[in-house]
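# Structural description and commentary
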Amino acid sequence: MALCLGQVFSKDKTFRPRKRFEPGTQRFELYKRAQASLKSGLDLRKVVQLPDGENINDWIAVHVVDFFNRINLIYGTVSEFCTEKSCPIMSGGPRYEYRWQDGDQYKKPTKLPALIYMNLLMNWIESLINNEDIFPTRVGVPFPKNFQQVCKKILSRLFRVFVHVYIHHFDMICSMGAEAHINTCYKHYYFFISEFSLIDHSELEPLKEMTERICH
């Protein structure tokens, strides 16, 4: 999948610089193993399973960062068409609206144009995955007790990017010939969060029909 995404999507359109793993680290080795499995054509349900002897938090960390990079690339490709005029509210069709709240600049849930919402979301995720207290990279430094809760929140908010892109920008995705590649990325994401119960399935309702079509 990584090769296909690279061929379809222009790297210079990445919405945020890619977060990379340091060569020689356990996290880097896990990342390489996960990428090799993806490229091998194995069933994605098996690809997401925790390898024998590996730490579950390391496995989750690798995937959270990888999904951030991939979804970032997908949105970066359509972001020039996602303007304050075309998408004045961050939504997934008429039934679902997402409001931004971060407890800092936005203390209450606030309606925002999708592009601004995405900027805030990517900044927020980037600040978390670059925080050594949450995503430690040094050998022997443990993950915080709330690590999986933080990852659940990140993955839940990344799902909203899929919702917006699929519902509001899918024609553009199809015109680029990228439908199959985004579907594969979504299936990988869906099987991973399902394998480790990282999102309440009620949150997946906006893409329920599409999920049933491509993941079952």
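Given the structure is predicted, the values throughout are model-derived calculations rather than measurements.

This brings us to the overall build of the protein chain. Looking only at helices and strands, one finds nine helices and zero strands in the protein chain. Written out in order from the N terminus, the α and β elements of the protein chain read α-α-α-α-α-α-α-α-α. Out of the 216 residues in the protein chain, the part that is buried amounts to 51%. Long-range contacts, defined here as pairs at least 24 residues apart, represent 74% of the contacts in the protein chain between residues at least 6 apart. Here the protein chain displays about 10900 Å² of accessible surface, and carbon together with sulfur accounts for 49% of that area.

This part takes up the packing of helix α6 (residues 147-168) against helix α8 (residues 179-195). At their nearest, the axes of α6 and α8 sit 12 Å apart, and the two run at 150 degrees to each other. The pairing of α6 with α8 is recorded here as roughly antiparallel in orientation. Where α6 crosses over α8, the handedness of that crossing is left-handed. From α6, Leu155, Ser156, Phe159, Phe162 and Tyr166 reach across to α8, where they touch Ile182, Asn183, Cys185, Tyr186, Tyr189 and Ile193. For the contact of α6 with α8, the class distribution of residues is nine nonpolar, two polar and no charged.

With numbering aligned to this structure, UniProt lists the feature "binding site: Zn(2+)" (unreviewed entry) at Cys82, Cys87, His164 and His169. Spatially, the listed residues are clustered: although they cover 88 residues, their C-alpha atoms lie within 10.0 Å of one another. Mapped onto the elements of the fold, Cys87 is located in the loop between α4 (56-78) and α5 (114-129). Among the residues examined, Cys87 registers a relative accessible area of 5% and is labelled buried.

The relative placement of two packed helices comes down to the angle between their axes together with the axis-to-axis distance. Running from N to C, α4 and α6 cross one another at 25 degrees; their axes reach a closest spacing of 10 Å. Classified by the interaxial angle, the pair formed by α4 and α6 is roughly parallel. Crossing handedness for the pair α4 and α6: left-handed. Contacts between α4 and α6 involve Ile56, Asn57, Ile60, Ala61, Val64, Phe67, Phe68, Ile71, Ile74, Tyr75 and Val78 from the first element and Phe147, Gln148, Cys151, Ile154, Leu155, Leu158, Val161, Phe162 and Val165 from the second. Of the residues contributing to the contact of α4 with α6, the split by class is 18 nonpolar, two polar and no charged.

Membership of the largest hydrophobic core comes to 66 residues, with the highest contact counts inside it found for Phe135, Ile154, Phe162, Tyr166, Tyr186 and Tyr189. Mapped by element, the contributors of at least two residues to this core are α3 (44-47), α4, α5, α6, α7 (170-175), α8 and α9 (208-215). Looking at this core, the element that brings in the most residues is α6, giving twelve residues. Beyond its immediate stretch of four places on either side in the chain, Ile154 contacts Val64, Trp124, Ile125, Leu128 and Phe135.

All chains considered together, the criterion is met by four salt bridges. Between Asp43 and Arg45 there is a salt bridge, and its shortest N-O distance comes to 3.9 Å. Measuring nitrogen to oxygen at the nearest pair gives 2.9 Å for the salt bridge that ties Glu97 to Arg99. By relative accessible area, Arg99 is classed as partly exposed at 43%.

One can find Trp59 in helix α4. Separated by eleven residues in the primary sequence, Trp59 and Val48 place their C-alpha atoms 9.0 Å from one another.

Cut-offs and rules
Within each chain, residues carry numbers counting from 1 in the order of the written sequence. Thresholds applied to this predicted model are a pLDDT of at least 70 for local features of residues and 80 or more for the giving and counting of side-chain atom pairs; totals over whole chains, interfaces and linings are not thresholded and use all residues. Hydrogen atoms and water are omitted, and side-chain values are computed over all heavy atoms in the structure. Working definition: helices are DSSP H or I runs of at least four residues, strands are E runs of at least two. Numbering for both runs from the N terminus. Any residue under 20% of the maximum accessible area for its type is buried, any over 50% is exposed, and the rest in between are partly exposed; the area is computed with a 1.4 Å probe on protein chains only. Here a residue-residue contact requires only that any non-hydrogen atoms of the pair lie within 4.5 Å. For accessible areas, the Shrake-Rupley method is used with a probe of radius 1.4 Å. Any residue's cover is judged against the shown protein chains and nothing else. Axis lines are fitted through C-alpha atoms, for helices just across the contact stretch, and the angle between N-to-C directions can take any value from 0 to 180 degrees. These descriptions rest on fixed angle ranges, namely under 35 degrees for roughly parallel, over 145 for roughly antiparallel, 65 to 115 for roughly perpendicular, and the rest for oblique. Should the near helix be turned counterclockwise from the far one by less than a right angle, the crossing is left-handed, whereas a clockwise turn marks it as right-handed. Residue polarity is assigned by list, with Asp, Glu, Lys and Arg as charged and Ala, Val, Leu, Ile, Met, Phe, Trp, Tyr, Cys and Pro as nonpolar; anything else, Gly included, falls into the polar class. UniProt positions are given in the numbering used here, feature names are shortened, and annotations may be inferred rather than shown by experiment. The set of buried Ala, Val, Leu, Ile, Met, Phe, Trp, Tyr and Cys residues whose side-chain atoms join them within 4.5 Å is what this entry labels a nonpolar core. A side-chain nitrogen of Lys or Arg and a carboxyl oxygen of Asp or Glu constitute a salt bridge if their distance falls within 4 Å.

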